[in-house]
Amino acid sequence: MQKLSNKTLSDINQNCSAKIIAIDHEEWFINKAEALGIKINNIITVTHKRKKGPICVNINTTSFMMRLSDANRIKVMKL
Amino acid sequence: MKKIALIGMPNSGKSTFFNSISGASAKVANWSGVTVDIESVKTLIFGEIAELIDLPGIYTLKSGSDDELVVHDFLKNNEIDEIFFILNSSQIDRQIDLVLQLRNLGYKVRLLCNMSDEAKKNGIEINYKELEKRLAIPIHPISAKFQSGYEFLNQRLQAFEKKISVKPLVQNEIYQYVNFPKHSNDKTTAILDKFFLHHLWGLPTFIILLFVLFQIIYGIAEPLQEVMGLVFDSAGEYINLYLNQNLPKLFSSFLYDGVYLGVTTVLTFIPVIIIFFIVMSFIENSGYLSRAGFVMDKVMEKMGLDGRSFVMILFGFGCNVPALMSTKIMRSKTTQFLTMLIIPFSLCSARLQVFLFFTAIFFSPQMGALVLFFMYILSFLIIIITALIFKDKKAIHESVLIEMPPYRLPTIKQTLLTAVHEINHFLKRASKFILGGVIVVWLLTNFHVSPNVTIADHISSFLSPIFDPIGINNKLIIALIFGFIAKEILIGALAVIFSSNMDTLGEILQSEINWQQALSFMTFTLIYTPCLSTIATIKSQSKNIRLVATSLLWSLALAWIVSFIFYQLLINFS
Ligand SMILES: Nc1nc2c(ncn2[C@@H]2O[C@H](COP(=O)(O)OP(=O)(O)O)[C@@H](O)[C@H]2O)c(=O)[nH]1
């Protein structure tokens, strides 16, 4: 078992994957994210990054874009 | 009559399905408990006429977003007989929970597994029979894009299982019924994304693409618009002559100057809207719009907007109306309203005509080009300033979670259906409002308070203390009142007001006003309310009178302030 880290989704490099361990956000966001597959224990892959800009992520068969401020609120464990 | 509600997550192909069934016959009706427009269509389903109701896309039943609230309120306040739940088969694993939730609330749910073509291509196998048994709901694989799998709609209704609730699916249970390939088969999307989302090439590619599309839209639409204008003009001459000979003057003027001119002005919008929507629906359906949103998001975030707003504002430079209509895909009301507030400041082609006319009269060709360029810059500046002033301070870091669908090649049929749908939408909602507006302007300019003084004259002399400091005289004020209908008729209105014909209008204008006044008039024309069609569209899209009022008042106030600054600077320092 890896040690719990303080990493957030925004720390993950392009083309790297991570496991979601917590989503610290407003309820509506958590609900929507969950419906899109962004929920605890799922593996998320960062597919594109823009400098200080949004990131593009992939879970299972779905891709979405997310702002950095939101990615900052998703705690992950690097794989 | 049976009522069937169409429910599904965003991007599951709900609109494609609804458009393919309704064509141009969708209607907006009132439903209790909801204030937004909900479209529905009456059509033959299961051998009887039923009403299919298109509800907004939702992610959950918990009322989080505005759209979710609408669906929630709709279901609470209206009796419905059945739900068609439409989902994207490739994402069945994450969309299925919502289906069961609805079923267990007691609704008769029928599951339409859409995009079955794509799922098959991606190597996804669904065991429909077993899943049907497990969920105790009828399931139909369909493809809305290719309109296949619709046969079930023609069958007599199958009996529904009793309303016993079924156990929710436990985690990963769905994978007993659905087989996903180990690796995604969709290599095309990954490759295209490497290019379109690239941190260096992404932006230039986007700009070039937009430029090309823009050229296509207006390269085709403008000549069409001109031809239609010419046809209406020459037909109008005959109609006018006929009316004049056979009807009392006031009545024939009402029919011609009011109704005919108003209606035909609206009609000339149609080519632009059709072509715009063909292109827009292509960009959206191909999956590129959300990529453009990604590329532009960082800049637009500072203005309280999201990346997709940029595309819409830019299209507003062609015509504000379709640009405003396309904001409906934005799911955040704050962002949508702000985008709608700034689009009318995009220098549309109708205003360009006025500016071309004025610059040709008042400036040398070199100077004229410079003035024109300046107008475009001014338009951009006003957009930025308005966004900065009106942006929701909280929205700066507004969360954005936008799905990036795979790239798809839209079919021609699908694209045309969308265009037809939108035109229908525009005509139905805007026409009454526009006709009303035209009639009001006709009354203002034709009804006399005393001999030789119309209501408009009265208003313009009443307003002249306000317009004097910006160099706009009484006659120009009346032209501005006409300009409310549409900027296209401004020049024509000037000709009537200055009692000249088109050929001599230039000379007359030159003798009546100076270039500073002309520039002030152009500035005012750029910023104040673009046209009735725009206001009608803002009203029908937003259902928010406050937004309409803000748009009107802010644009008028800003138009005055900017014109004042320019005019005073010009007359004092030149
Ligand atoms: N391959 C495929 N694509 C589809 C199908 N139905 C819809 N689409 C595409 O899916 C995207 C989203 O569809 P849309 O109707 O706008 O989704 P909505 O958000 O649910 O209204 C569009 O690009 C459609 O062209 C289908 O049956 N097969």
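The model shown is predicted, which means the values in this text are computed figures rather than measured ones.

Visitor: Before we go on, may I ask you to explain the state of the cysteines in this structure?
Guide: Under the counting rule described, the total for this entry stands at zero disulfides over all chains. Free of any disulfide, Cys16(A) has its nearest neighbouring cysteine sulfur in Cys56(A), separated by 15 Å.

Visitor: Just checking my understanding: could you explain the domain arrangement of chain B for this structure?
Guide: By a widespread convention, an interface's size corresponds to the accessible area lost as its parts come together. Residues and elements named next belong to chain B. Entries for chain B in the domain assignment read domain 1 (2-185) and domain 2 (202-573). For domain 1 and domain 2, the distance between their C-alpha centres works out to 39 Å. Taken together, the contact between domain 1 and domain 2 spans 27 residues of the former and 20 residues of the latter. Taking both sides of the interface into account, the surface hidden between domain 1 and domain 2 amounts to around 1900 Å²; carbon and sulfur atoms contribute 42%. Together, Asn19, Asp37 and Lys145 form the three largest contributors to the area buried by domain 1 at its contact with domain 2, with a combined 26%. The tally of links from domain 1 across to domain 2 stands at two salt bridges. For glutamate 118, the salt bridge goes to arginine 408, with nearest N and O atoms at 2.6 Å. The interface formed by domain 1 and domain 2 contains seven residue pairs in polar contact (both at pLDDT 80 or more).

Visitor: Help me understand the site of the ligand, please; the structure alone is not making it clear to me.
Guide: All names here are of chain B. Close contacts around the ligand come from 18 residues, with Asn11, Ser15, Thr16, Asp117 and Gln414 the closest. For the ligand, an oxygen atom lies 2.7 Å from a polar atom in the backbone of asparagine 11. Contact between the ligand and threonine 16: an oxygen atom at 2.5 Å from a side-chain N or O atom of the residue. Computed on the free molecule, the ligand has an accessible area of 580 Å², of which 92% lies beneath the protein chains in the complex. Where the shell around the ligand is concerned, the elements lending two or more residues are helix H1 (14-22) and helix H4 (116-121). Per-element tally for the shell around the ligand: the top contributor is H1, with three residues. Here the residues of the shell around the ligand are counted per class, giving four nonpolar, nine polar and five charged.

Visitor: Explain the nonpolar core to me, please; I cannot follow it from the model alone.
Guide: One broad rule of soluble globular proteins: the nonpolar side chains tend to lie buried together. Residues Phe315(B), Phe358(B), Ile472(B), Leu494(B) and Leu509(B) are the most contacted members of the largest nonpolar core, which totals 108 residues. For this core, the element with the highest residue contribution is helix H9 (residues 270-286) of chain B, accounting for nine residues. Apart from residues lying up to four places away in sequence, Phe358(B) is in contact with Ile491(B), Leu494(B), Leu509(B), Ile513(B), Ala518(B), Phe521(B) and Met522(B). Counting residues in hydrophobic clusters, the runner-up holds 62 residues, among them Ile12(A), Ile23(A), Trp31(B) and Val178(B).

Visitor: When you look at the pairing of strand S4 (residues 62-66) of chain A in this model, what are you seeing that I'm missing?
Guide: Residues in a regular strand project their side chains so that they alternate between the two faces of the sheet. The element S4(A) is largely enclosed, with a buried count of five among its five residues. Examined bridge by bridge, strand S3 (residues 55-59) of chain A and S4(A) share five bridges and lie antiparallel to one another. Each bridged residue has a counterpart across the sheet, and for Ile59(A) the counterpart in S4(A) is Thr62(A). Between S3(A) and S4(A), which follow one another and run antiparallel, lie two residues, and Asn60(A) among them has a positive phi close to 50°. Relative to strand S10 (residues 401-404) of chain B, S4(A) runs antiparallel, the two being bridged by four bridges. Across the sheet, Met65(A) pairs through a bridge with Ile402(B), a residue of S10(B).

Visitor: Looking at this model, I keep getting lost on the pattern of salt bridges. Mind explaining?
Guide: If charged atoms from side chains of opposite charge come close, those side chains can pair. Residues and elements named next belong to chain B. Counted according to the given criterion, the structure contains 13 salt bridges over all chains. A salt bridge links glutamate 48 to lysine 2; its shortest N-O distance comes to 3.8 Å. With glutamate 48 in strand S4 (residues 48-54) and lysine 2 in strand S1 (residues 2-8), this pair connects stretches of sequence that are 46 residues apart. In this structure glutamate 48 comes out as partly exposed when scored by relative accessible area, which is 34%. Taking the shortest distance from any N to any O, the salt bridge between arginine 110 and glutamate 82 comes out at 2.5 Å. Of the two residues, arginine 110 is situated in strand S6 (residues 109-114) and glutamate 82 in strand S5 (residues 82-88); the sequence distance between them amounts to 28 residues.

Visitor: Sorry, what's going on with the sheet that holds S4(A) here?
Guide: For sheets, the rule is that strands pair by backbone hydrogen bonds, running either parallel or antiparallel. In spatial order, the strands read S5(A)-S1(A)-S2(A)-S3(A)-S4(A)-S10(B); together these six strands make up an open sheet with antiparallel pairing. In the strand order of this sheet, the two ends are held by strand S5 (74-78) of chain A together with S10 of chain B, each with one partner. Mean inter-strand twist for the sheet, computed between neighbouring axes without regard to direction, equals 40°. Strand contacts of helix H1 (residues 27-35) of chain A: strand S1 (17-23) and S5 of chain A together with S10 of chain B, with the helix running at about 15° to S10(B), the strand carrying the most contacts.

Visitor: Help me understand the confidence of the model for chain B, please; the structure alone is not making it clear to me.
Guide: Detail in the predicted coordinates should be disregarded across regions flagged by low pLDDT. Residue and element names in this part refer to chain B. A residue-level look at chain B finds 95% of positions with pLDDT of 70 or above and a mean pLDDT of 86. Highest mean pLDDT in chain B belongs to S5 (96); lowest belongs to helix H19 (residues 490-497) (76). Model confidence for the complex is summarised by a pTM of 0.79, with the ipTM given as 0.89.

Visitor: What should I look at first to understand a nonpolar patch on the surface in this one?
Guide: Residues Ile208(B), Phe211(B), Val212(B), Ile216(B), Ile220(B) and Leu224(B) make up a contiguous nonpolar surface patch of about 550 Å² in total accessible area. One can find Ile216(B) in helix H7 (residues 202-246).

Visitor: Can you help me understand helix H23 (residues 545-573) of chain B in this one?
Guide: Think of an α-helix as 3.6 residues a turn; residues three or four steps apart then line up on the same face. All names here are of chain B. With 29 residues, H23 should cover 42 Å at 1.5 Å per step; its first-to-last C-alpha distance of 42 Å lies within 8% of that length. Burial in H23 covers these residues: Leu547, Val548, Ser551, Trp554, Ser555, Leu558, Ala559, Val562, Ser563, Phe566, Tyr567 and Leu570. Elements that come into contact with the buried residues of H23 comprise helix H13 (333-342), helix H15 (365-390), helix H21 (515-527) and helix H22 (532-542). N-cap assignment for H23: the residue whose side-chain oxygen lies 2.9 Å from the backbone N of arginine 546 is asparagine 544.

Visitor: Where do I start with the sheet that holds strand S2 (residues 27-29) of chain B in this structure?
Guide: Residue and element names in this part refer to chain B. An order of S2-S3-S4-S1-S5-S6-S8 is seen for the seven strands of this open sheet, with the pairing classed as mixed. Single-partner strands in this sheet number two, and they are S2 and strand S8 (139-141). Ignoring which end each strand starts from, the neighbouring axes of this sheet average 30° apart. Lying on the sheet, helix H3 (residues 92-104) is in contact with S1, S5 and S6; it crosses S5 at an angle near 170°.

Visitor: Please explain unusual backbone geometry as it appears in this structure.
Guide: Excluding glycine, a negative phi dihedral is what most residues carry, and trans is how most peptide bonds are arranged. Located in the positive-phi region is Lys52(A), a residue other than glycine, with phi close to 55°. Relative to the elements of secondary structure, Lys52(A) occurs in the loop between strand S2 (43-49) and S3.

Visitor: Would you mind going over the interface of chain B and chain A with me for this structure?
Guide: On the chain A side, the residues contacting the 36 residues of chain B number 28 residues. For the chain B and chain A pair, buried surface summed over both sides reaches about 2700 Å², with 58% attributable to carbon and sulfur atoms. Contact with chain A buries area across many residues of chain B, yet Phe294(B), Ser399(B) and Leu401(B) alone supply 27% of it, more than any other trio. Summed over the shared surface of chain B and chain A, the number is two salt bridges. Note that Asp297(B) and Arg67(A) form a salt bridge whose closest N and O atoms lie 2.7 Å from each other. Connecting chain B to chain A are 13 residue pairs in polar contact (both at pLDDT 80 or more). Of all the elements in the fold, those that place two or more residues in the side of chain B that touches chain A are H3, helix H6 (187-196), helix H10 (288-302) and S10 of chain B. When residues of the side of chain B that touches chain A are assigned to their parent elements, the largest contribution, seven residues, is made by H10(B). In terms of residue class, the side of chain B that touches chain A is built from 15 nonpolar, ten polar and eleven charged.

Cut-off values and rules
- Every chain is numbered on its own, with residues counted from 1 as its sequence reads.
- The order in which chains are written sets their letters, starting at A; the order in which ligands are written sets their numbers, starting at 1.
- Only residues with pLDDT of at least 70 get local features here, since the model is predicted, and only at 80 or more are side-chain atom pairs given and counted; chain-wide, interface and lining totals rely on the full set of residues.
- Where side-chain values are given, they derive from all heavy atoms of the structure, hydrogens and water being excluded.
- Cysteine sulfur pairs qualify as disulfides if the two atoms are within 2.5 Å.
- For the domain bounds, the source is a domain assignment made automatically or taken from a database.
- Here, two residues are considered to be in contact whenever any of their heavy atoms come within 4.5 Å of each other.
- Summed over both partners, the accessible area lost on bringing two parts together, with a 1.4 Å probe, is the buried area.
- When a carboxyl oxygen of Asp or Glu lies within 4 Å of a side-chain nitrogen of Lys or Arg, that pair is called a salt bridge.
- What qualifies as a polar contact is a pair of N or O atoms within 3.5 Å, subject to a donor-acceptor requirement within protein and to the restriction that residues adjacent in sequence count only when both atoms come from side chains.
- One heavy atom within 4 Å of a molecule or strand is enough for the residue carrying it to be called near that molecule or strand.
- Method for areas: the Shrake-Rupley scheme with a 1.4 Å probe, in which residue coverage is limited to the protein chains shown.
- Working definition: helices are DSSP H or I runs of at least four residues, strands are E runs of at least two. Numbering for both runs from the N terminus.
- Here the term charged refers only to Asp, Glu, Lys and Arg, the term nonpolar to Ala, Val, Leu, Ile, Met, Phe, Trp, Tyr, Cys and Pro, and the term polar to all other amino acids, Gly among them.
- Definition used in this section: a nonpolar core is a set of buried Ala, Val, Leu, Ile, Met, Phe, Trp, Tyr and Cys residues joined via side-chain atoms within 4.5 Å.
- Burial status follows relative accessibility: with a 1.4 Å probe on protein chains alone, a residue under 20% of its type maximum counts as buried, one over 50% as exposed, and anything between as partly exposed.
- When DSSP locates at least two bridges between a pair of strands, those strands are taken to pair.
- Structural elements are reduced to axes, namely lines fitted to C-alpha atoms, with helices fitted over the stretch in contact, and the angle between N-to-C directions of any two is expressed from 0 to 180 degrees.
- Per residue, pLDDT captures the predictor's confidence, and it can take any value from 0 to 100.
- Patch membership requires more than 30% relative accessible area and the absence of a salt bridge. Residues of like charge join within 9 Å; the nonpolar side chains Val, Leu, Ile, Met, Phe, Trp and Tyr join within 5 Å.
- By this rule the span expected of a helix is its residue count minus one, scaled by 1.5 Å.

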